[in-house]
Amino acid sequence: MKENAMDNIKISAKNVQVYYADNHAIKDVNVEIEDKTVTAFIGPSGCGKSTFLRCLNRMNDTIDICRVEGDILIEGEDIYDRRVDPVQLRAKVGMVFQKPNPFPKSIYDNVAYGPRIHGLARGKADLDEIVEKSLRSAAIWDEVKDRLDAPGTGLSGGQQQRLCIARAVATAPEVLLMDEPCSALDPIATAQVEELIDELRQNFAVVIVTHSMQQAARVSQKTAFFHLGNLVEYGETNQIFTKPSDPRTESYITGRIG
Amino acid sequence: MSDPVKPSLLTLDARTKKRNMAETRFRMYGLAAIGTGLAMLVLLLVTIFGNGLGAFQQTFVTLNVPLLESKLDKKGERDLAKIKKVSTFGYAPLLSQAMEDALAENGIDSDLKAKKQAALLSKSAAADLRNFVIANTDKIGETVEFTFLANSRVDGYLKNRVTRTSIADDKSINAEQLDLVDELVAAGVIKKRFNISFITGADASDQRPEAAGMGVAMMGSFFMMLVVLALALPIGVAASIYLEEFAPKNWITDIIEVNISNLAAVPSIVFGILGLAVFINYMHLPQSAPLVGGLVLTLMTLPTIIISTRASLKSVPPSIRDAALGVGASKMQSVFHHVLPLAAPGILTGTIIGLAQALGETAPLLLIGMIGFIASNAPDSVASGLLYPNSAMPAQIYEWAKRADPAFYERAWGGIIILLAFLITMNTIAVLLRRRFERRW
């Protein structure tokens with residue numbers, strides 16, 4: 001199943017600059033993110049990794065003062081093209097946030113919401129199937145199958161986060177963006193979500209922002225190190241953590257900066 | 001440690017003592033403040049109920065009235081047009097007769113002239129009787145038991161408002177009449193009982209305070225609230241959603257925001273004169289109509305609703321918006337599917353409080369003529385309810401309070417009880433709705 005590296009590129013960012021008003025938050029980032037791979041963005045707080053992640057599904061559009069330059073291509077199509085509707089894009093590029101944020105609705109409705117608004121289900125049975133499949137792929141089906149009508153906000157933190165992953169998966173995205181998905185979870189829930197991320201890699205390109213270098217080392221195949229808005233180093237996770245080529249990367253992973 | 005005496009934890013040092021004293025003092029101030037507030041509230045309620053409960057009771061005189069054919073329908077044709085020609089003057093002798101009969105029946109002797117005896121009845125008695133006869137022409141010739149309102153002086157006498165000393169300069173009643181009242185009360189002809197028509201009836205002229213009621217003004221208030229609800233809620237909520245969720249943040253929206261806050265502080269009488277100038281003088285909408293009153297109150301309520309709606313939209317956590325956008329909902333879907341339902345309890349509370357404010361508002365109604373107007377009948381349709389001249393509850397209370405006869409003063413307090421009952425009901429609904437919506441998850 002070894003594919004040609006060029007064919008395997010899902011997202012390709014070229015000369016991306018992001019400005020918050022006058023603040024140059026992302027400086028000339030070039031990166032190619034592979035399909036069916038977990039890519040981790042690491043770096044100290046405020047280095048721009050979350051900002052860059054939010055460029056990939058144009059969530060930054062909701063911030064008035066934010067301006068993005070450069071090209072971000074998903075399978076060769078520029079997502080910042082004037083013809084692209086960000087709403088349509090976000091169905092294709094799902095997102096999981098730092099804090100679990102289920103809707104204050106039932107577990108079922110949480111997952112069914114995306115398919116409903118995108119018209120993905122052809123009927124009740126079809127929708128049921130999507131919900132089950134999504135909950136299964138988020139490894140939470142067994143825990144909630146008997147109480148799909150219970151409120152999603154009543155679950156534990158880790159369950160809520162997996163519910164949010166199920167919700168993101170339900171719209172059949174091609175890319176899954178995760179913004180520090182485990183930072184609000186305890187170690188056991190974190191382990192469950194990490195295991196899940198590894199499974200999700202079978203079907204999606206997963207991009208994860210994390211503060212924990214151990215987590216990056218555990219779940220990702222590729223790692224990008226951001227510092228002060230620059231992409232300092234990008235490569236195989238093994239290589240980044242064992243033989244970093246840039247001194248700044250080395251200082252960070254050894255705990256001297258950050 | 002160079003300190004010679006080691007301080008003990010068991011004794012308080014000067015600083016701690018001072019601090020504790022300050023805290024105790026502050027608690028005292030707080031208690032005093034709350035106590036004063038409560039005392040005022042109790043005083044207010046005691047005054048209102050003490051003065052106003054009387055208005056719900058009214059003195060009635062029950063008489064057997066001979067509906068003499070010779071007076072009402074000389075030819076015996078039962079022709080309604082002709083019966084209608086008999087004015088209230090024609091009924092006066094019947095009332096005198098009925099009074100005389102009642103005295104004779106109970107063995108009461110009185111030196112008073114028949115006219116003075118009949119003066120114990122309300123001035124509306126003849127009209128009430130005439131209305132009854134016109135509605136029931138078949139009863140002509142019979143003797144009918146009829147309950148009349150007693151004159152407000154008689155009513156006042158039974159409620160201790162009118163006393164034998166207070167009538168010294170009163171031309172409408174004298175001591176002999178009061179003697180007669182005493183005897184009639186003893187005989188059970190004059191009785192005080194609950195008066196539903198104070199709640200349902202229309203206002204009455206200066207001469208007949210005993211007949212005045214709140215009902216028609218209540219309808220006026222009701223139709224105004226209908227207008228306010230139908231306009232202020234959708235406009236206010238739409239404006240808030242747009243400003244909060246969609247509008248770009250720039251100097252124009254800043255100016256709009258400042259202006260909305262300022263509008264909320266504009267005295268209501270200013271809205272009244274605006275309504276007079278625009279709705280009545282320029283648009284030629286009918287004067288004194290609840291429609292106009294409602295429009296003016298809508299203007300007044302809008303800022304309140306917009307401010308409370310924006311506050312409740314702001315209080316919805318941004319993570320919900322992110323979640324909705326993250327699964328590919330459009331801005332509008334995220335607002336209507338997720339943000340608005342979460343903000344609904346706050347919006348509802350704000351709206352009901354705005355409505356309650358509008359319900360109690362008097363000043364703007366003064367300027368558009370919804371005051372001093374006596375509507376004799378309740379409106380019979382929504383259109384007439386909106387377009388025909390009417391008053392409103394607070395305006396009616398104000399009107400009663402400024403009339404000379406103390407009997408109206410009592411009704412003003414009674415009206416306040418009704419108004420308060422409405423406001424308390426509305427606030428209770430607000431609280432209940434809030435609870436209901438918030439308990440969902």
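Residues numbered from 1 in each chain as written. Chains lettered and ligands numbered in written order. Predicted model: local features only at pLDDT ≥ 70, side-chain atom pairs only at ≥ 80, totals over all residues.

Looking at the overall build of chain A
Helix and strand counts for chain A stand at ten helices and ten strands. Taking 18 Å as the expected radius of gyration for a compact globule of 258 residues, we find that chain A reaches 18 Å, a close match to that expectation. The buried share among the 258 residues of chain A stands at 45%. (Helix = DSSP H or I, 4+ residues; strand = E, 2+ residues; numbered from the N terminus. Rg over C-alpha atoms; globule rule 2.2 N^0.38 Å. Buried ≥ 20, exposed ≤ 12 C-beta atoms within 10 Å, placed from the backbone.)

Points about the overall build of chain B
Along chain B, the regular secondary structure elements total 19 helices and three strands. Taking 2.2 N^0.38 as the reference for a compact globule, 441 residues should give roughly 22 Å; the C-alpha atoms of chain B span a radius of gyration of 31 Å, well beyond that estimate. For chain B, the spread of C-alpha atoms along the principal axes amounts to about 110 × 70 × 40 Å. Buried positions account for 37% of the 441 residues belonging to chain B. Counted over contacts in chain B with a minimum sequence separation of 6, partners at least 24 positions apart contribute 78%. (Contact = placed C-beta atoms within 7 Å.)

What about the UniProt feature "domain: ABC transporter" (unreviewed entry) in chain A?
Within this numbering scheme, the UniProt entry marks residues 11-253 of chain A as carrying the feature "domain: ABC transporter" (unreviewed entry). The span residues 11-253 of chain A carries 38% helix and 27% strand; its end-to-end C-alpha distance comes to 26 Å. (UniProt positions renumbered as here; feature names shortened; annotations may be inferred.)

Considerations on the interface of chain B and chain A
Often the size quoted for an interface is simply the accessible area lost on bringing the parts together. Between chain B and chain A, the residue contacts involve 16 residues of the former and 22 residues of the latter. Put simply, the parts of the chain that give the side of chain B that touches chain A at least two residues each are α14 (318-326) and α15 (331-359) of chain B. Per-element tally for the side of chain B that touches chain A: the top contributor is α14(B), with six residues. Of the residues contributing to the side of chain B that touches chain A, the split by class is eight nonpolar, six polar and two charged. (Nonpolar A, V, L, I, M, F, W, Y, C, P; charged D, E, K, R; others polar.)

A word on helix α6 (residues 125-135) of chain B
Residue and element names in this part refer to chain B. Among the residues of α6, A125, A126, L129, R130 and V133 are the ones counted as buried. Projected onto a plane normal to the axis of α6, the buried residues spread over an arc of 130° and lie on a single side. In α6, the exposed residues that point more than 90 degrees away from the buried face are N131 and A135. Lining the buried residues of α6 we find β1 (57-66), α2 (69-72), α3 (80-85), α4 (88-105) and β2 (143-149). (Arc of directions from axis to C-beta.)

Digging into the pairing of strand β6 (residues 93-96) of chain A
All names here are of chain A. Every second residue of β6 is oriented toward a common face, with V93 and M95 on one face and G94 and V96 on the other, all of them buried. Relative to strand β7 (residues 175-179), β6 is paired through four bridges, and the arrangement is parallel. In the sheet register, V93 faces β7, and the bridge partner there is V175. (Pairing = 2+ DSSP bridges.)

Focus on the pairing of strand β1 (residues 9-20) of chain A
Residues and elements named next belong to chain A. Note: β1 against strand β2 (residues 23-34), eight bridges, orientation antiparallel. Following the sheet pairing, I9 is matched in β2 by E34. Note that β1 and strand β4 (residues 66-74) share eight bridges and pair antiparallel. Note that in β4 the partner of Y20 across the bridge is C66.

Comments concerning the confidence of the model for chain B
Residues and elements named next belong to chain B. Chain-level statistics for chain B give a pLDDT mean of 88 and a share of 98% at 70 or above. Mean pLDDT across the secondary structure elements of chain B bottoms out at α2, with 82, and peaks at helix α1 (residues 14-52), with 95. Here the predicted complex carries an ipTM of 0.86, next to a pTM of 0.82. (pLDDT = per-residue confidence, 0-100.)

Observations concerning helix α13 (residues 290-314) of chain B
Along an α-helix, residues three or four positions apart point the same way, because every turn accommodates 3.6 residues. In a regular helix each residue adds 1.5 Å, so 25 residues correspond to 36 Å; α13(B) covers 34 Å between its end C-alpha atoms and thus fits that length. Counting buried positions along α13(B) gives 22 out of 25 residues, so the element sits mostly inside the fold. (Expected span 1.5 Å × (residues − 1).)

Details of the packing of helix α12 (residues 268-282) of chain B against α13(B)
Residues and elements named next belong to chain B. One way to put it is that α12 packs onto α13 with a least axis distance of 9 Å and a crossing angle of 130°. As the angle between them shows, α12 and α13 are arranged oblique. Crossing hand, α12 versus α13: right-handed. Along its contact with α12, which presents S268, F271, G272, L274, G275, F279 and I280, the element α13 presents V292, L295, V296, L299 and M300. (Axes fitted to C-alpha atoms, helices over the stretch in contact; angles between N-to-C directions. Parallel < 35°, antiparallel > 145°, perpendicular 65-115°, else oblique. Left-handed = near helix turned anticlockwise from the far one by under 90°.)

A short note on the sheet that holds β1(B)
Residue and element names in this part refer to chain B. Ordered by their spatial adjacency, three strands build an open sheet running β2-β1-β3, and the pairing between neighbours is antiparallel. Either end of the sheet is taken by a strand with one partner, and the two such strands are β2 and β3 (190-194). Each strand of the sheet is rotated relative to its neighbour by a mean of 35°, with strand direction disregarded. Sheet analysis places β1 next to β2, joined by seven bridges and oriented antiparallel. Within β2, the residue paired with V65 across the bridge is V144. Lying on the sheet, α6 is in contact with β1 and β2; it crosses β2 at an angle near 140°.

Some thoughts on the nonpolar core
Membership of the largest hydrophobic core comes to 95 residues, with the highest contact counts inside it found for B:V61, B:L95 and B:L120. If you count residues domain by domain, this core takes at least three from each of domain 1 (53-195) and domain 2 (215-437) of chain B. Not counting residues within four places of it along the chain, the set of residues in contact with B:V61 comprises B:L120, B:L121, B:F148, B:A150, B:V189 and B:I190. Counting residues in each nonpolar core, the second largest holds 75 residues, with A:C55, A:V96, A:V175 and B:A323 among its members. (Core = buried A, V, L, I, M, F, W, Y, C linked by C-beta atoms within 7 Å. Domains from an automatic or database assignment.)

Comments concerning the domain arrangement of chain B
Residues and elements named next belong to chain B. Partitioning chain B into structural domains gives domain 1 (53-195) and domain 2 (215-437). Spacing between the C-alpha centres of domain 1 and domain 2 amounts to 45 Å. Taken together, the contact pairs seven residues of domain 1 with seven residues of domain 2. Each residue belonging to the side of domain 1 that touches domain 2 can be placed in one class, and the counts come to two nonpolar, three polar and two charged.

Focus: the environment of B:P394
Residue and element names in this part refer to chain B. Inspection of the secondary structure puts P394 in helix α18 (residues 393-402). Residue classification places P394 among the buried positions, given that 21 C-beta atoms sit within 10 Å. If near-sequence neighbours (up to four positions away) are discounted, P394 is found in contact with G360, E361, T362 and L419.

Some remarks on the sheet that holds β6(A)
All names here are of chain A. Spatially, the six strands line up as an open sheet ordered β6-β7-β8-β3-β9-β10, and their pairing is mixed. Looking at the sheet topology across the chains shown, the edges are occupied by β6 and β10 (230-236). Pairwise comparison of adjacent strand axes, ignoring direction, gives a mean angle of 15° for this sheet. Direction of pairing for strand β9 (residues 222-227) relative to β10: antiparallel, over a ladder of six bridges. Paired with F226 across the strands is L231, a residue of β10.

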